[in-house]
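Each chain, written out:
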Amino acid sequence: MSGLSMNISRLAIVAVFSTLVACSTTQEVHVAKYGPIQQITAVSQVADAGNSTSADTHLHAALVQEGLNVKASLPQGTRRSSDVDALVSYVDVWRWDLVMYLQSLSVRIFDAQTGDLLISGQWKDSPLHGFRNAEEIMKGLVSEMMVKLRARSEPAKTAQATGN
């Protein structure tokens, strides 16, 4: 193979690798409060500045899909409520490229009695974005967060300790 064709081959490999990396998305979920937590069965969304109506609908659907009782939304800045187990807020960032697309999403779940952050999840599209389904992104992120929270809930810990 000549030097020129080897350089072209290397460039092609680098271009393919860069394209694959640039087309990927990232999703991270971080537990903020370790140790057992109260089982979450009822939640309320806390409005945040700039929330979109479609993302509100997607969040509601994702929470219902997880079997949660979704109560009425609460005003921006609410950190405690005696009516629910947890408060959920999110920040969505949308951009325009022929059509609107979701660039990033951050969801946080707080203990409604203490106001403590329990878990946070972030999803981010790649620099060479795709036109991904925002509803599926929300459902996937909320699902992963709830799996991690349920693993920490008190009834689950009690059942494991008794061997049930």
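Residues numbered from 1 in each chain as written. Predicted model: local features only at pLDDT ≥ 70, side-chain atom pairs only at ≥ 80, totals over all residues. Heavy atoms only, no water.

Caption draft 1: The arrangement of the packing of aromatic side chains in detail. What the rule picks out here adds up to 0 aromatic pairs. The ring of Phe 110 is capped by Arg 79, whose NZ or CZ atom sits 4.3 Å from the centre of that ring. (Phe/Tyr/Trp six-rings, centres within 6.5 Å; stacked < 30°, edge-to-face > 60°. Lys NZ or Arg CZ within 6 Å of the ring centre and 35° of its normal.)

Caption draft 2: Inspection of a nonpolar patch on the surface at higher detail. A surface patch of nonpolar side chains, amounting to about 600 Å² of accessible area, comprises Trp 96, Leu 98, Val 99, Met 100 and Phe 131. Within the secondary structure, Leu 98 sits in the loop between strand E4 (86-97) and strand E5 (99-111). (Patch = residues over 30% accessible without salt bridge, like charges linked within 9 Å, V, L, I, M, F, W, Y side chains within 5 Å. Areas by Shrake-Rupley, 256 points an atom, 1.4 Å probe, with all protein chains shown as cover. Salt bridge = Lys/Arg side-chain N within 4 Å of Asp/Glu carboxyl O. Helix = DSSP H or I, 4+ residues; strand = E, 2+ residues; numbered from the N terminus.)

Caption draft 3: Structural view of the sheet that holds strand E6 (residues 117-124). Sheet architecture is open: 6 strands sit in the order E1-E6-E5-E4-E2-E3, paired in mixed fashion. Of all strands in the sheet, those bounded by a partner on one side alone are strand E1 (26-31) and strand E3 (69-70). Examined bridge by bridge, E4 and E5 share 12 bridges and lie antiparallel to one another. Its bridge partner being in E5, Val 93 is matched across the sheet by Ser 104. Sitting on the sheet, helix H2 (residues 53-65) is in contact with strand E2 (42-45), E3 and E4, with an inclination near 135° to E4. The sheet contacts of helix H3 (residues 134-150) involve E1, E4, E5 and E6, and relative to E5 the element is tilted by about 20°. (Pairing = 2+ DSSP bridges. Contact = heavy atoms within 4.5 Å. Axes fitted to C-alpha atoms, helices over the stretch in contact; angles between N-to-C directions.)

Caption draft 4: Examining H2 more closely. Helix length check: H2, at 13 residues, gives a terminal C-alpha distance of 18 Å against a target of 18 Å (1.5 Å per residue), a fit within 8%. Inspection of H2 places Ala 55, His 58, Leu 59, Ala 62 and Leu 63 among the buried residues, and these make up the whole buried set. Each buried residue of H2 sits inside an arc of 130° when the element is viewed along its axis, so together they form one side. Opposite the buried face of H2, at more than 90 degrees from it, the exposed residues are Thr 53 and Gln 65. Against the buried residues of H2 lie E2, E3, E4 and H3. Where H2 terminates, the next one or two residues include Gly 67, which has phi positive at roughly 80°. (Expected span 1.5 Å × (residues − 1). Buried < 20%, exposed > 50% of the residue type's maximum accessible area, 1.4 Å probe, protein only. Arc of directions from axis to C-beta.)

Caption draft 5: Quick peek at the pattern of salt bridges. The full count for this structure, using the stated rule, is 4 salt bridges. Between Asp 125 and Arg 132 there is a salt bridge, with the nearest N and O atoms lying 3.4 Å from each other. By relative accessible area, Asp 125 is classed as buried at 5%. Between Glu 144 and Lys 148 there is a salt bridge, and its shortest N-O distance comes to 3.9 Å. One end of the pair is Glu 144 and the other is Lys 148, both in helix H3 and 4 residues apart, which spans about a single turn. Owing to a relative accessible area of 32%, Lys 148 belongs among the partly exposed residues under this scheme.

Caption draft 6: Expanded view of the nonpolar core. Among the nonpolar cores identified, the biggest contains 28 residues, and Ile 40, Leu 105, Val 107, Ile 109, Met 138 and Leu 149 are the most heavily contacted of them. Of all the secondary-structure elements, those providing two or more residues to this core are E1, H2, E4, E5, E6 and H3. It is H3 that provides the largest number of residues to this core, a total of 8 residues. Not counting residues up to four positions away in its chain, the partners in contact with Val 107 are Val 88, Ser 89, Tyr 90, Ile 119, Ser 120, Gly 121, Met 138, Leu 141 and Met 145. Membership of the second largest hydrophobic core comes to 6 residues, among which are Ala 42, Val 84, Phe 110 and Ala 112. (Core = buried A, V, L, I, M, F, W, Y, C linked by side-chain atoms within 4.5 Å.)

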